[in-house]
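# Inside the fold
So the chains spell out like this:
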Amino acid sequence: MKKKVIAMLLAAAMTVSFAVGCSDGKENGSDSTGADSSTSQDDADGGSQEAKEDAKTEEQPEAGLEKSGTVTYDIDLSQYDKGKVVRVWLPIAQTNDYQTVEEPEFDAGDAKTELTEDSQGNKMLYIEWGADADAANRKASCSFKVSRQEIKSPELVEEGEIGSDMDEYLKESSTIPLDGEVKATAEEITKGKETVLDKARAIYDWVIANMNRDESVTGCGTGDVCALLVSKGGKCTDINSVFVGLCRAAGIPAREMFGIRINDTTITGNQHCWAEFYLPGTGWVLADPADVLKAVLKNEWEKDSAEAKEMQEFYWGNCENERLELSRGRDIDLSPKQDGKALNNFGYPYAEVDGEALDYYTPDKFVYTISFAEGQ
């Protein structure tokens, strides 16, 4: 009965929480070219919410309802003058425990095309138009069929120790340092906690209690944990990066998924980031404090309200079937390598014109669209 109540509450809350986008946000920039715009995209804010192989196979969360359809990228870079080399990288979803993805179909005319994979295992479609290409022909499309499952939390059982195969998920990145204030904060939050599960839950609850969603942030945010421990505000990459950073600093393997919500026909601005932590004896467990805080803001709830607490419990191990994982990892060098700096993450199409990165937060200037056709 309790699960039914939570499901009904979630559906009602998400209708309010995710019906409105956040395209008016601004940020100080990360790996984008930094052009602020009223068309800047946010984290997966349309409609209701409904892996790569894991390093270690253990009990997986129960799979629930599926949502299936076709995701399509349409790219138009004809506005850039002839004589320029134009390169595009599109993140391509892959089959994992919670989603099934068919091989992509694509058409880029006479452009060079190649399906590639970066050093972190992310799959992408690379497209290149040479300097001699007709500018009007710089158009491409790419589609792939997906089926995504609702995730239901497994019984959280802690057994054994964290093995060396989890070392990758205990490392710092350019935006997630594990010393200084991050380490001190993690130690304070987990003081007196003896188990991995208790420590992870303490961090999850602390993030929800102490952080807030900030609508002024562009896109999903940069996830700069040191800055966020001061500001205490951001969007999904920000909030979930704090969770991941504090977990890692406390010795708990954690990671982020970057994807898009498949909850509407037009999903260009529906990017979203969520997190998982590793519990020995159970495996990877989903946690999404950012969506809790988004629901709190959109529904004007108090954090200690019954509605907010129900949402807090739901996103501790569960999630709806309307999110599609596109990539993992931070500080990404694409394949073939981009001329620009390493990407903070690969949740958006990325392109360069004569080596200069385009601002993927402004898809109407880039130009690209992303669509979803359910059941097709």
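Located above this text is the structure these notes cover.
Values in this document were obtained by computation on a predicted structure and should not be read as measured data.

A count of helices and strands for the protein chain gives eight helices and 16 strands. Counting across all 376 residues of the protein chain, residues that qualify as buried make up 57%. Of the roughly 15,000 Å² of accessible surface on the protein chain, a fraction of 46% belongs to carbon and sulfur atoms.

What follows covers the sheet that holds strand 11 (residues 271-279). Pairing is antiparallel across the open sheet formed by four strands, whose spatial order is 12-11-10-13. Two strands in the sheet have a free side with no partner beyond their single neighbour: strand 12 (283-287) and strand 13 (323-328). Going from strand to strand, the sheet's axes swing by 40° on average, the running direction of each strand aside. Sheet strands touched by helix 5 (residues 236-249): strand 10 (254-261), strand 11 and strand 12. Its angle to strand 10, the strand with the most contacts, is close to 160°.

A few words on helix 6 (residues 289-299). Judged by how many residues are buried, helix 6 sits mostly within the fold: ten of eleven residues are covered. Looking one or two residues beyond helix 6, the residue adopting positive phi is E300, at roughly 55°.

Among all positions in helix 7 (residues 306-314), only A308, M311, Q312 and F314 are buried. Axial view of helix 7: buried residues confined to an arc of 160°, hence all on one face.

As paired elements, strand 3 (residues 99-101) and strand 7 (residues 139-152) share three bridges and run antiparallel to each other. Within the sheet, the bridge partner assigned to Q99 lies in strand 7 and is R148. Of the strand pairs in this sheet, strand 4 (residues 105-107) and strand 7 are connected by three bridges, and their pairing is antiparallel. Bridge pairing in strand 7 links D107 to S141.

Before going further, it helps to examine the sheet that holds strand 5 (residues 112-117). Strand order across the open sheet formed by five strands is 5-6-2-14-15, with antiparallel pairing between neighbours. Two strands close off the open sheet at either side, each with one partner strand: strand 5 and strand 15 (356-357). Bridging between strand 5 and strand 6 (residues 123-129) involves six bridges; their strand directions are antiparallel. Paired with T113 across the two strands is I127, which belongs to strand 6.

Under the defined criterion, the tally for this structure stands at 17 salt bridges. One salt bridge connects D205 with R201, and the closest N-O pair in it is separated by 2.9 Å. Of the two residues, D205 and R201 both sit in helix 3 (residues 196-210), four residues apart, roughly one turn of that helix. Through salt bridges that share partners, R261, D288, D291, E320 and R323 make up one connected network.

Our focus in this paragraph is the environment of Y80. Relative to the helices and strands, Y80 is located in the loop between strand 1 (62-76) and strand 2 (86-92). Each C-alpha atom, one on Y80 and one on V353, is 8.0 Å from the other, the two residues being 273 residues apart in sequence. When neighbours within four sequence positions are excluded, Y80 is seen to be in contact with A135, R138, V353, L358, K365 and F366.

With 98 residues, the main nonpolar core has F144, F243 and F277 as its most contacted residues. The leading source of residues in this core is helix 3, at nine residues. Setting aside its immediate chain neighbours within four residues, F243 contacts A200, I203, Y204, V207, A275, F277, A287 and P289.

Now for the packing of helix 6 against helix 7. Closest axis-to-axis distance for the helix 6/helix 7 pair is 9 Å, and the angle between their directions is 160°. Classified by the interaxial angle, the pair formed by helix 6 and helix 7 is roughly antiparallel. Helix-helix and strand crossings are classified by hand; for helix 6 and helix 7 the assignment is right-handed. Contacts between helix 6 and helix 7 involve V292, A295 and V296 from the former and A308, M311 and Q312 from the latter.

Bringing the packing of helix 2 (residues 180-189) against helix 5 into the picture now. It is the contact of helix 2 with helix 5, at a shortest axis distance of 8 Å, that shows an interaxial angle of 80°. By the angle between their directions, the pair helix 2 and helix 5 is classed as roughly perpendicular. Residues V182, K183, T185, A186 and I189 of helix 2 lie in contact with helix 5, whose contacting residues are G245, L246 and A249. Of the residues contributing to the contact of helix 2 with helix 5, the split by class is five nonpolar, two polar and one charged.

For any pair of aromatic rings, the description consists of the separation of the ring centres together with the inter-plane angle of the planes. Summed over all chains, the structure comprises 14 aromatic pairs. Measuring from ring centre to ring centre gives 5.2 Å for W89 and Y126, while their planes differ by 50°; the resulting arrangement is tilted. Of this pair, W89 sits in strand 2 while Y126 sits in strand 6, and the two are 37 residues apart along the sequence. Arranged with centres 6.3 Å apart and planes meeting at 85°, the rings of Y204 and F243 form a pair that is edge-to-face. One end of the pair, Y204, is in helix 3; the other, F243, is in helix 5, with 39 residues separating them in the sequence. For the pair shown, Y204 and F243 are each scored as buried. Pairwise contacts between aromatic rings join Y204, F243, F277 and W316 into one cluster. For R201, the ring lying beneath its charged end belongs to W316, and the centroid distance is 5.1 Å.

Basis of the calculations
Residues numbered from 1 in each chain as written. Predicted model: local features only at pLDDT ≥ 70, side-chain atom pairs only at ≥ 80, totals over all residues. Heavy atoms only, no water. Helix = DSSP H or I, 4+ residues; strand = E, 2+ residues; numbered from the N terminus. Buried < 20%, exposed > 50% of the residue type's maximum accessible area, 1.4 Å probe, protein only. Areas by Shrake-Rupley, 256 points an atom, 1.4 Å probe, with all protein chains shown as cover. Pairing = 2+ DSSP bridges. Axes fitted to C-alpha atoms, helices over the stretch in contact; angles between N-to-C directions. Contact = heavy atoms within 4.5 Å. Arc of directions from axis to C-beta. Salt bridge = Lys/Arg side-chain N within 4 Å of Asp/Glu carboxyl O. Core = buried A, V, L, I, M, F, W, Y, C linked by side-chain atoms within 4.5 Å. Parallel < 35°, antiparallel > 145°, perpendicular 65-115°, else oblique. Left-handed = near helix turned anticlockwise from the far one by under 90°. Nonpolar A, V, L, I, M, F, W, Y, C, P; charged D, E, K, R; others polar. Phe/Tyr/Trp six-rings, centres within 6.5 Å; stacked < 30°, edge-to-face > 60°. Lys NZ or Arg CZ within 6 Å of the ring centre and 35° of its normal.

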